[in-house]
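Results of the structural survey
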Amino acid sequence: MIFKALIATLAAVSMAAPGAAMAQEKPVSLASDVKLVRVIPATAQGDAAKTELVEPASVVPGDTLAFSISYRNAGGEPVTDFVIVNPVPANVQLSDESAAASEVSIDGGKNWGMLASLTVADAEGAERPATAADVTHLRWKIALLTPGESGSAGFRAIVR
Amino acid sequence: MLSVSAPALAAGVAAGTLIENTATATYTTGGDPETVDSNTVSILVDELLDVEVSSLDASAVPLGGGNAVLSFEVTNTGNGPEAFELTVDPALSGDDFNPAVSLVAYDSNGNDVYDSGVDTVIPTGGATPLIDADDSLRIFVVVTLAGSPADGDTGDVDLTATAATGSGPAGTVFAGAGDGGGDAVTGTTTAEDDDIGTVIAEIGVVSLVKSAEISNPNGDDEAVPGATVTFSIVASVSGTGSVDDLVVADTIPTGTTYVASSLTLDSASLTDGADADEGEASGAGIEVDLGTVAGGDSHTIEFSVTID
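This is a predicted model, so every value here is computed, not measured. (Residues numbered from 1 in each chain as written. Chains lettered and ligands numbered in written order. Predicted model: local features only at pLDDT ≥ 70, side-chain atom pairs only at ≥ 80, totals over all residues. Heavy atoms only, no water.)

With respect to the sheet that holds strand E9 (residues 84–89) of chain B
Residues and elements named next belong to chain B.
- Sheet architecture is open: four strands sit in the order E7-E16-E13-E9, paired in mixed fashion. Edge positions in the sheet fall to strand E7 (61–63) and E9, since each has one partner strand and no second. On average, each strand axis in the sheet is tilted by 30° relative to the strand beside it, whichever way the strands run.
- Here strand E13 (residues 154–163) runs beside strand E16 (residues 192–201); their pairing, made up of nine bridges, is antiparallel. What sits directly across from Ala-161, in E16, is Asp-193. (Pairing = 2+ DSSP bridges. Helix = DSSP H or I, 4+ residues; strand = E, 2+ residues; numbered from the N terminus. Axes fitted to C-alpha atoms, helices over the stretch in contact; angles between N-to-C directions.)

Some details on the pairing of strand E4 (residues 64–73) of chain A
All names here are of chain A.
- The buried fraction of E4 is high, at eight of 10 residues.
- Note: strand E2 (residues 28–40) against E4, 10 bridges, orientation antiparallel. By the bridge assignment for E4, Ser-29 is matched with Arg-72.
- Where E4 meets strand E11 (residues 149–159), nine bridges bridge the pair, whose relative direction is antiparallel. Pairing of Ile-69 across the sheet is with Ala-153, part of E11. (Buried < 20%, exposed > 50% of the residue type's maximum accessible area, 1.4 Å probe, protein only.)

What about the confidence of the model for chain B?
Residue and element names in this part refer to chain B.
- For chain B, the average pLDDT comes to 92, and 96% of its residues sit at 70 or higher.
- Across residues 1–9, where pLDDT falls below 50, the model places 25 contacts with residues more than four positions away in sequence or in other chains.
- Model confidence for the complex is summarised by a pTM of 0.76, with the ipTM given as 0.81. (pLDDT = per-residue confidence, 0-100. Contact = heavy atoms within 4.5 Å.)

What about the nonpolar core?
- Core analysis: the biggest nonpolar cluster contains 41 residues, and A:Leu30, A:Leu65, A:Phe67, A:Phe82, A:Ile84, A:Phe155 and B:Ile19 have the highest contact counts within it.
- Secondary structure elements with two or more residues in this core: E2, E4, strand E5 (79–87), strand E6 (92–94), strand E10 (137–145) and E11 of chain A together with strand E2 (24–29) and strand E4 (41–44) of chain B.
- For A:Phe155, the residues in contact, after removing those within four places along its chain, are A:Leu65, A:Ala66, A:Phe67, A:Ile69, A:Asn86, A:Pro89, A:Leu94, A:Ser98, A:Leu138, A:Trp140 and B:Asn21.
- Core analysis: the next-biggest nonpolar cluster, separate from the first, contains 29 residues, B:Phe72, B:Leu86, B:Ile139 and B:Ala184 among them. (Core = buried A, V, L, I, M, F, W, Y, C linked by side-chain atoms within 4.5 Å.)

Description of the environment of B:Phe140
Residue and element names in this part refer to chain B.
- Examined against the element boundaries, Phe-140 turns out to sit in strand E12 (residues 136–144).
- A relative accessible area of 1% places Phe-140 in the buried class.
- When the C-alpha positions of Phe-140 and Thr-292 are compared, they lie 27 Å apart, and in sequence the two are 152 residues distant.
- Discounting residues that sit within four places of it in the chain, Phe-140 has contacts with Val-69, Leu-70, Ser-71, Leu-103, Val-104, Ala-105, Tyr-106, Asp-107, Asp-112, Val-113, Tyr-114 and Asp-119.

A look at the environment of B:Val36
- Tracing the backbone through its elements, the reader meets B:Val36 in strand E3 (residues 32–37).
- Taking the relative accessible area as the measure of exposure, B:Val36 reaches 9% and is therefore buried.
- A C-alpha to C-alpha distance of 56 Å links B:Val36 and B:Tyr106, two positions 70 residues apart in sequence.
- Every residue in contact with B:Val36, bar those within four places of it in the chain, is listed here: A:Lys26, A:Val28, A:Leu30, B:Ala23, B:Thr24, B:Ala25 and B:Tyr27.

And the structure:
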């Protein structure tokens, strides 16, 4: 997961704008990005294998992509009940780590919970634990974004 | 650039597919509910170049006097349509002999068996037609005997398939060369694979054993004028192979005269004339056409002469 440390910045805020105008300008910005997770193999010198994020120049099935959603309260008012919902993109499978790290839905966003608490009913009515492959949506909740507050959420997924 | 962190998922998403992501946030500010969408990021899936070659022959294919057909399967384990260049190498070490390669063809009528003159021949250095992702194409390598292998000798033939777009260590990128508008990138197979098929020589070895028995009016076996000599020729084929067009001929010895209508094959009479039956005979000699004789079979030819 790539919850970056929340960075508090002092932004120049126009206090003159009335509330209605602020709403139309969407005080909160949301920016989506994607990087390719590149594996750097262990070296003969004893360095363990590690990963780095690179611009996705070439992407093929089996590659892992790191999606990120950066948010920022650019307005002058506090923002409450901030919830980011991200449908899992088509043609990728959520990584097991990401599936377990935030609230998820396996039914298109109707019901939510941690993956370990969710079950899937099969054709015979028996239930099995939900897996990363069942996840349709991810969700992050932040109770309060103060003016100028920013951060990011993200998840990793493997190209099917 | 290798960035694989999961086992290959079948052929995977088709080359040219777009993966797009958009997030949405809801929040409350100043008592009002708000919704904001992120930008949409879009990634084009590039073409993965991967191939697997496997021999389809459960055991060594018998190779006698004619052709042997080795069957292989070339599977496109990448994610886009791809042609594969084929290379055949019959000169491998570790086997007994090197078969001669007559031709390479693919199963163009899709019936899983080689049809001479029907299945499309791939010229030397040529490539298969495009094979769709996750699809296979059956390849036939037709070989004949070469050199002088002994019965039971084996010969190995290697078939290599190489992606026409390119091959190389996993992660080799061919910019802009991928199906669907992106790059082409080699996968874990390096976009090249091979497998070996084996033929086993079935050689038939012919042996002829000739014997003679003499009878004369005196009731003994002295070779005196007037005595009758019955020659017996046993033609045997040994080995696992068969022999085609086996013709046994013998001359009538000088100083003797062929006894008309005495020619027999496996105790059955043959006419002297050159006609529909297997044999013919004259004062000069006899000739019996045994045709194809399988290994382990033998035939006995007899004819008689009188001593002049």
